[in-house]
Amino acid sequence: MSLLEIIIFITFYMIAVSFATIGREIFFGLMALRYGDETPRIVQRITLNPLKHIDIFGTIIIPLTLIFMGATFMFGYAKPMPINFLNIQEKTGLKGCLYVALAGTFFNILVAFTIVATLKLGLQYHLIQEKGLFLQFLLIIISINITIAIFNLIPIPPLDGAKILGYLGLLFHSTIFVRWYNNFEKYGIILIIFIVLFPPTRDSILRIIELVIILFLKL
């Protein structure tokens, strides 16, 4: 691979990671507004200006590090959207909280589905070359959005999966998952790092991501 090709693919990955991570945070904010919390608007985070959302470590350093390490998966995150779930619970109840907690995953899956549809139509009508750079870019977008969606569904705080389980539990009058969230929140990052570095759990997650990507491409 030439230097130009390397630069192009690094650019593709960085654009895709930025879009996937920033887009999900904006969608979180829009859903929070929809279900009763004005915090995202008050702190002026409902904006397409990427500078308001980029996290130097999560949006730039981590993805670049993974690229240069030749990692088998790509991950990143943007600045978390400030959301007051108490406001949402007060105005739209636990269902509103659950819908907001699901927003990021919904966004990434929707993007992946849309890009797959675009890819299929483009190939069918010969608008996309089978071995072209644009095809590679679309595949990168699909892969990254599915990876971020699946990874964030791990039920460890502060990932979305823990919040989703917590509000699902409360809807069924169980506080077990909320207690789990509160008890392990301060250890969450350590647990996530352990899962990523421990080969059996890491490989299991990668296998799930791979199967979901294959499923989407077969739609």
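This write-up is about the structure you can find in this document. (Residues numbered from 1 in each chain as written. Predicted model: local features only at pLDDT ≥ 70, side-chain atom pairs only at ≥ 80, totals over all residues. Heavy atoms only, no water.)

1. Section: the overall build of the protein
Defined as follows: By the criteria applied, helices consist of DSSP H or I runs no shorter than four residues and strands consist of E runs no shorter than two, each listed in order from the N terminus. Here the radius of gyration uses the C-alpha set of atoms, whereas the globule reference equals 2.2 Å times the residue count to the power 0.38. Relative accessibility under 20% of the residue-type maximum defines a buried residue, over 50% an exposed one, and the middle range a partly exposed one, all with a 1.4 Å probe and only protein chains included. Contacts are assigned to residue pairs with any non-hydrogen atoms lying within 4.5 Å of each other. In short, Shrake-Rupley with a 1.4 Å probe defines the accessible areas, and a residue's cover is counted only from the protein chains shown. Charge assignment in this entry is limited to Lys and Arg as positive and Asp and Glu as negative, and neither His nor the chain termini are counted. The location of each charge is read from NZ of Lys, CZ of Arg, CG of Asp or CD of Glu.
Check the secondary structure of the protein and you find 9 helices and 0 strands. Seen in sequence order, the protein has helices and strands lined up from the N terminus as α-α-α-α-α-α-α-α-α. Relative to the compact-globule value of 17 Å for 219 residues, the protein shows a C-alpha radius of gyration of 18 Å, a close match. Expressed as lengths along the three principal axes of its C-alpha atoms, the size of the protein is roughly 55 × 35 × 35 Å. Among the 219 residues that make up the protein, the fraction classed as buried is 43%. Put simply, 69% of the contacts in the protein that link residues at least 6 apart link residues at least 24 apart. Accessible surface, the protein as shown: approximately 12,500 Å² in total, 71% of it carbon and sulfur. Distance between charge centroids for the protein: 4 Å, based on 16 positive and 11 negative side chains.

2. A few points about the side chain of His53
Here His53 lies in the loop between helix H2 (39-42) and helix H3 (56-69). His53 gets classed as buried once you look at its relative accessible area, which sits at 0%. Apart from residues lying up to four places away in sequence, His53 is in contact with Ile22, Ile26, Arg45, Thr47, Thr59, Ala78, Lys79 and Met81.

3. Focus on helix H6 (residues 160-171)
Here is the rule: Expected span of a helix: the number of residues minus one, times 1.5 Å.
End to end, H6 covers 17 Å across 12 residues, agreeing with the expected 16 Å (1.5 Å per residue, within 8%). All of the buried residues along H6 are Asp160, Gly161, Ala162, Ile164, Gly166, Tyr167 and Gly169. Packed against the buried residues of H6 are helix H1 (3-34), helix H4 (85-124), helix H5 (133-152) and helix H7 (176-184). His173 occupies a position one or two residues after H6 and carries a positive phi of about 65°.

4. Quick notes on the nonpolar core
Condition: In this description, a nonpolar core means a group of buried Ala, Val, Leu, Ile, Met, Phe, Trp, Tyr and Cys residues linked to one another through side-chain atoms lying within 4.5 Å.
Of all hydrophobic cores here, the largest spans 42 residues; its most connected members are Ile144, Ile146 and Ile154. Counting residues per element, the ones that place at least two in this core are H1, H3, H4, H5, helix H8 (188-197) and helix H9 (199-217). If one sorts the elements of this core by residue count, H5 sits on top with 11 residues. Every residue in contact with Ile146, bar those within four places of it in the chain, is listed here: Ala112, Ile209, Val212, Ile213 and Phe216.

5. So, empty space enclosed by the protein
To keep it simple, the criterion reads: Buriedness for pockets is judged along seven lines, at least five of which must meet protein on both sides within 12 Å for an open set on the 1 Å grid over protein atoms alone, while cavities are sets there where a 1.4 Å probe fits but cannot get out, and lining residues have an atom within 4 Å of a point. Grid points are joined across faces, edges and corners, and a volume is the space filled by probe spheres set on the points. Under this grouping Gly is polar, as are all residues other than the nonpolar Ala, Val, Leu, Ile, Met, Phe, Trp, Tyr, Cys and Pro and the charged Asp, Glu, Lys and Arg.
On inspection of all chains with the given rule, the structure shows 1 cavity of 30 Å³ or more. Roughly 80 Å³ of volume is contained in the largest cavity. Surrounding the largest cavity, Phe73, Phe75, Thr147, Phe151, Ile195, Val196, Arg202, Ile205, Leu206 and Ile209 form its lining. Elements represented by at least two residues in the lining of the largest cavity include exactly H5, H8 and H9. Looking at the lining of the largest cavity, the element that brings in the most residues is H9, giving 4 residues. In terms of residue class, the lining of the largest cavity is built from 8 nonpolar, 1 polar and 1 charged.

6. A few points about the environment of Leu98
Assignment of secondary structure puts Leu98 in helix H4. Leu98 gets classed as buried once you look at its relative accessible area, which sits at 9%. Note: C-alpha distance between Leu98 and Ser204 (106 residues apart in sequence) is 26 Å. Setting aside anything within four residues of it in sequence, one finds Leu98 in contact with Ile164, Tyr167, Leu168 and Leu171.

Treat this as a map of the structure, not an account of what it does.
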